Amino acid sequence: MASLNVGNLGEYLREQRRNAQLSLRQLADAAGVSNPYLSQIERGLRKPSADILQQLAKALRISAETLYVQAGMLDEREREELETRGVILADPSINERQKQVLLQIYDSFRKENALDTDTSEPAPAQTSEQISERAARADGGSAASPPSH
């Protein structure tokens, strides 16, 4: 875990608070923290916990992961992965089984691409049939497959 970059976090929080047109007191009340404590965070004198950052993010209506990155608790790639997962899980147009299949495919692509960065050869392009087979395997084989003769 990276060390906390409290100064930049405080500056970022102050900027977000001002963009939201909230006073220090209003944000403190909305986040459930004391006014002096929030002031100390903004001035870089305090290191807030992940829970406090989550409360502040909710009050500011921004991503908690963004604040974790600013605080040095999370790197940018981890934030992007968490946000991608969150978008998939929050999508009301697909059912829970489909969400789990998408997450499994996403994980397999990430693992495959991580391996590809370790080699100098590019990964071969996949056909739509190969992708469909991968999806069926990820779904436990419940997708219809052609009968074998």
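Conventions and cut-offs
Residues numbered from 1 in each chain as written. Predicted model: local features only at pLDDT ≥ 70, side-chain atom pairs only at ≥ 80, totals over all residues. Heavy atoms only, no water. Axes fitted to C-alpha atoms, helices over the stretch in contact; angles between N-to-C directions. Helix = DSSP H or I, 4+ residues; strand = E, 2+ residues; numbered from the N terminus. Parallel < 35°, antiparallel > 145°, perpendicular 65-115°, else oblique. Contact = heavy atoms within 4.5 Å. Nonpolar A, V, L, I, M, F, W, Y, C, P; charged D, E, K, R; others polar. Salt bridge = Lys/Arg side-chain N within 4 Å of Asp/Glu carboxyl O. Buried < 20%, exposed > 50% of the residue type's maximum accessible area, 1.4 Å probe, protein only. Core = buried A, V, L, I, M, F, W, Y, C linked by side-chain atoms within 4.5 Å.

Trainee: Before we go on, may I ask you to explain the packing of helix 2 (residues 24–31) against helix 3 (residues 35–42) in this structure?
Mentor: Between two packed helices, both the angle of their axes relative to each other and the distance between the axes serve to describe the pair. As a packed pair, helix 2 and helix 3 sit with axes 9 Å apart at the nearest point and diverge in direction by 110 degrees. It follows from the interaxial angle that helix 2 and helix 3 lie roughly perpendicular. Here helix 2 contributes L24, R25, L27 and A28 to the contact with helix 3, which in turn contributes N35, L38, S39 and E42. Split by residue class, the contact of helix 2 with helix 3 holds four nonpolar, two polar and two charged.

Trainee: It is not clear to me how the pattern of salt bridges should be interpreted in this structure. Could you clarify?
Mentor: A side chain with one charge can pair with a side chain of the opposite charge if their charged atoms come near. Across all of its chains, the model carries six salt bridges by this definition. Across the pair E42 and R14 runs a salt bridge whose closest N-O atoms are separated by 3.5 Å. On the criterion of sequence distance, the pair formed by E42 in helix 3 and R14 in helix 1 (residues 6–19) is long-range, its members being 28 residues apart. Look at E42 and you get buried, because its relative accessible area is 5%. Using a relative accessible area of 21% as the deciding quantity, one classes R14 as partly exposed. For the salt bridge of D107 with R85, the shortest nitrogen-to-oxygen distance reads 2.0 Å. A residue pair is termed long-range when its members are at least 10 positions apart, and D107 in helix 7 (residues 96–117) and R85 in helix 6 (residues 76–90) qualify at 22 residues.

Trainee: Help me understand unusual backbone geometry, please; the structure alone is not making it clear to me.
Mentor: Negative phi characterises most residues that are not glycine, and trans characterises most peptide bonds. At Q21, a position not held by glycine, the phi torsion is positive, near 55 degrees. When you line up the elements, Q21 lands in the loop between helix 1 and helix 2. On the basis of relative accessible area, Q21 is assigned to the exposed category, the value being 69%.

Trainee: Which parts of the structure should I look at to understand the nonpolar core?
Mentor: Formed by 21 residues in total, the largest nonpolar core has its most connected members in L13, V33, L56 and L67. At the level of elements, helix 1, helix 2, helix 3, helix 4 (50–60) and helix 5 (64–70) are the ones that each hand at least two residues to this core. At six residues, helix 4 tops the list of elements feeding residues into this core. Setting aside chain neighbours within four positions, we find L56 in contact with L13, L27, A31, L38, I41 and L67.

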